[in-house]
Amino acid sequence: MSEPSSTKGLFKDKRESGIRHFLRATEIDSRLLGMIGALALIWIGFHVYGLVAKGFGAFLTPRNLWNLSVQTSSIGVMATGMVLVIVTRHIDLSVGSVLGFCAMFMAIVQVWVLPEFLGLGHPMIWVIAVLCGIAMGALIGAFHGYLIAYLGIPAFIVTLGGLLIWRGAAYLLARGETISPVDVTFAKLGGGPYGSVGSTASWAIGIAACIGVLISLWNGRRQRKRFQFPLRPLWAEGFLGVVGCAMIIGFVVLVNAYPWPKGIVRREIAAGNLDPDGNLIISHGFAIPVLIMLGVGIAMTFLATRTRFGRYVFAIGGNPEAAELAGINVRWVTLKVFALMGALAGLSAVIASARLNSATNALGTFDELYVIAAAVIGGTSLAGGLGTIYGAILGAVVMQSLQTGMVLIGFDAAVQQMVVGIVLVLAVFLDTLYRRRAD
Amino acid sequence: MNTAQVKYITSAPLVELKNLSISFGGIKAVDDASLELHPGEVVGLLGHNGAGKSTLVKILSGAYARDNGEIFIDGEKATINNPRDAKAYGIETIYQTLAVADNVDAAANLYLGRELQTSWGTLDDVAMEAEARKVMGRLNPNFQRFKEPVRKLSGGQRQSVAIARAILFNARILVMDEPTAALGPQETAQVAELILQLKKDGIGIFLISHDIHDVFDLADRVTVMKNGEIVGHARTEDVTKDEVLGMIILGKCPEKAVPGPGAMKAE
Ligand SMILES: Nc1ncnc2c1ncn2[C@@H]1O[C@H](COP(=O)(O)OP(=O)(O)O)[C@@H](O)[C@H]1O
Ligand SMILES: [Mg+2]
């Protein structure tokens, strides 16, 4: 595979075999490539549609893509948990409602309860609120998991019940009131100009990520060499390194290309925080919720691939009976998977309510469909045992791109719903096709 | 076989199953079955498909909860409520269904439930693969597909994975439920050799088959089941293959065998 002749063959051979050779050498999943292709198609499609129909392509602009990244965060965070739920052959239909309930709960804690004791604007308020939200989500998830794993009620039913129950409970918590505004520091977790890290920090993060990519490639190669496992050809390693770093740097350039809106700059000048004669083009940089999502993605990938828990989750999905016979406590692992899913819904509630700067009892409605679609589009198989975290996050980007694009070109909410429904069914259909072909 | 005979007298059996029963929806899959196994002994468990062999040993390996009866290990009453309990007693099982997780690789299957971890608490995949290469090398020297999900392996290779998993952890009691069902003649011979080697190490082995030819030459004793009941026990040196066939097919116990509850009543 590594001789130059076969590398030349890459360009000379028939197109199909060339692609296959390329994929094998770089070990890129063909499904991942398909996902990226679909994403590119959606992005270019919406942009060109805007150009043709309105004379202005609004999609491929720093502003829109930056907003897209922020809007993806909440769904993306939950999608990483949904991967593990679906891998164990279950489903969680309640995540949207759990998000709504946790958001309401946190709003009450930080707006009605904590200021009484700590005083308004106390620096610990946001920390306590976030912890309360995540813990509440985990508790609800663990309860669902208990009903599913120990009482044997199908996950579909338990979480369908949860979908109704927690939405109703969110209403009851504040009798339908909208609680607003949330704690000032808490609100930064939702993004916006103040909830972004700025240009310098974004470059620092980007460069650290590039170094991380290069180290992991180098480390992987060293490990393979040490145990005399087959190596990727050098050009393939180089390709992966260059593409990885280019994507990271491209992302940094993109988020830095979206400056603060004029109104906010003016307000900051008025408040004396900005020198009116200095540089008034201030980059957003990475939004905090996006960093949260990426952090969750890395942590969940680690959990899924490097720990016993992750190994058990996949083994249970591959063959529950074998897992049980191997001595794995399948019920306990199942309970933990649902608790984790709940905790992530709690974290998403932080992002979603911070972004809105308020909590309403309708927050997160229909999110379960986006989250499940994201996981399935990202290669998680409903038959269980198969799925990746990065795929689910990419799937979340696909779903959010569809949503954003439809808003930009002015589709009705009704049409948007129909499209999401169709995409969900289509994604599952493609998964069945893919698996049939793989067998 | 002299040493084994002495052991019968002097030491408590390694495993003693006493009056085990289990039924599924009113059907008695195993009915009042008693059986024992000594260190370094191979007991062949024979009977037609559906006789209850797999079900009986699944009680021992903790996969099924018995309705009645008791299990003794080293003469002491054992509490086996799940597969983890059984493994804690040193009972390893190769299931008839193999019970492998198809979507993960061979090393992950070998260590499933007992993963090696680094000092950071993460999976030590390198160490597991190295060990997997060693043990698989013993069973199936040609095996090289360590990185692929088990789904992509041949039947024989999957079977080697299941066997390797059972011998990896220094079992004292090994249950092999039709272990050579998917193997070719060469691999079958390898497994036979392995059994003799494990026996020499003092491991007690239940070797299950519906085919007498798989078992007769390897076993010290045979136990025959029919319709969930034990027909009888016999030492292989005391009976002929035809007599054992008579036990399997008719439930007829030869003179030198010890009859069980399922033996055909003499006229
Ligand atoms: N989990 C189960 N549920 C219901 N019936 C079972 C189950 N396991 C085994 N049986 C029944 O018990 C009987 C004995 O089966 P088995 O132990 O597999 O036989 P063998 O291994 O001797 O071929 C069969 O009639 C089978 O259908
Ligand atoms: Mg059987």
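Residues numbered from 1 in each chain as written. Chains lettered and ligands numbered in written order. Predicted model: local features only at pLDDT ≥ 70, side-chain atom pairs only at ≥ 80, totals over all residues. Heavy atoms only, no water.

Asker: What am I meant to see in the site of ligand 1 here?
Answerer: All names here are of chain B. Residues in close proximity to ligand 1 include Phe-24, Ala-29, His-48, Asn-49, Gly-50, Ala-51, Gly-52, Lys-53, Ser-54, Thr-55 and Tyr-64, which together make up its full environment. A distance of 2.9 Å is found between an oxygen atom of ligand 1 and a backbone nitrogen or oxygen belonging to Lys-53. When the free accessible area of ligand 1 is taken as 560 Å², the share hidden by the protein chains comes to 61%. The element best represented in the shell around ligand 1 is helix α2 (residues 53-60), accounting for 3 residues. Class assignment of the residues belonging to the shell around ligand 1 gives a composition of 4 nonpolar, 6 polar and 1 charged. (Near = heavy atom within 4 Å. Polar contact = N/O pair within 3.5 Å; in protein donor to acceptor, adjacent residues only side chain to side chain. Areas by Shrake-Rupley, 256 points an atom, 1.4 Å probe, with all protein chains shown as cover. Helix = DSSP H or I, 4+ residues; strand = E, 2+ residues; numbered from the N terminus. Nonpolar A, V, L, I, M, F, W, Y, C, P; charged D, E, K, R; others polar.)

Asker: Explain the nonpolar core here, please?
Answerer: Considering soluble globular proteins, one finds that nonpolar side chains tend to be buried as a cluster. Of all hydrophobic cores here, the largest spans 108 residues; its most connected members are Met-82, Phe-186 and Ile-328 of chain A. Broken down by element, the residue count for this core peaks at 13 residues, all from helix α15 (residues 330-356) of chain A. With residues near it in sequence (within four places) discarded, Phe-186 of chain A still touches Met-106, Gln-110, Trp-126, Ala-129, Val-130, Val-350, Ser-353 and Ala-354 of chain A. Among the nonpolar cores identified, the runner-up in size contains 50 residues, and Leu-98, Leu-110, Leu-174 and Ile-203 of chain B belong to it. (Core = buried A, V, L, I, M, F, W, Y, C linked by side-chain atoms within 4.5 Å. Buried < 20%, exposed > 50% of the residue type's maximum accessible area, 1.4 Å probe, protein only. Contact = heavy atoms within 4.5 Å.)

Asker: Explain the coordination of the magnesium ion (ligand 2) here, please?
Answerer: For a metal with four donors in a tetrahedral arrangement, the ideal angle between donors is 109.5 degrees, while six donors in an octahedron ideally sit at 90 or 180 degrees. Residue and element names in this part refer to chain B. Around the magnesium ion (ligand 2), the protein supplies Ser-54 (OG) and Gln-96 (OE1) as donor atoms, at distances of 2.0 to 2.1 Å. Of this pair, Ser-54 sits in helix α2 while Gln-96 sits in the loop between β6 (91-94) and α4 (106-110), and the two are 42 residues apart along the sequence. By relative accessible area, Ser-54 is classed as buried at 19%. On the accessibility criterion, Gln-96 (40% relative accessible area) is partly exposed. (Donors = N, O, S within 2.8 Å, 3.2 Å for Na, K, Ca; no water.)

Asker: How should the sheet that holds β6 of chain B be read in this particular structure?
Answerer: Pairing between the strands of a sheet comes from backbone hydrogen bonds, and it takes one of two forms, parallel or antiparallel. Residue and element names in this part refer to chain B. As summarised here, the arrangement of the 7 strands in space is β6-β7-β8-β3-β9-β10-β11, forming an open sheet in which the pairing is mixed. In this open sheet, the two edge strands, each paired with only one partner strand, are β6 and β11 (258-259). Summarising the sheet, β6 and strand β7 (residues 173-177) pair through 4 bridges and their orientation is parallel. By the bridge assignment, Ile-94 is partnered in β7 with Met-176. Packing of helix α6 (residues 155-167) onto the sheet brings it into contact with β6 and β7, and relative to β6 it is tilted by some 175 degrees. (Pairing = 2+ DSSP bridges. Axes fitted to C-alpha atoms, helices over the stretch in contact; angles between N-to-C directions.)

Asker: Is there a simple way to explain the domain arrangement of chain A in this structure?
Answerer: Quite often, the size of an interface is put as the accessible area lost when its parts meet. All names here are of chain A. With domains assigned, chain A is organised as domain 1 (29-196 + 287-438) and domain 2 (197-286). Each of domain 1 and domain 2 was reduced to a C-alpha centroid, and the two centroids are 24 Å apart. Across the contact, 15 residues belong to domain 1 and 16 residues belong to domain 2. It is Trp-66, Pro-193 and Tyr-194 in domain 1 that bury the most area against domain 2; as a group they hold 43% of the surface buried on that side. In this structure, the connection of domain 1 to domain 2 is made through 0 salt bridges. (Domains from an automatic or database assignment. Buried area = accessible area lost by both parts, 1.4 Å probe. Salt bridge = Lys/Arg side-chain N within 4 Å of Asp/Glu carboxyl O.)

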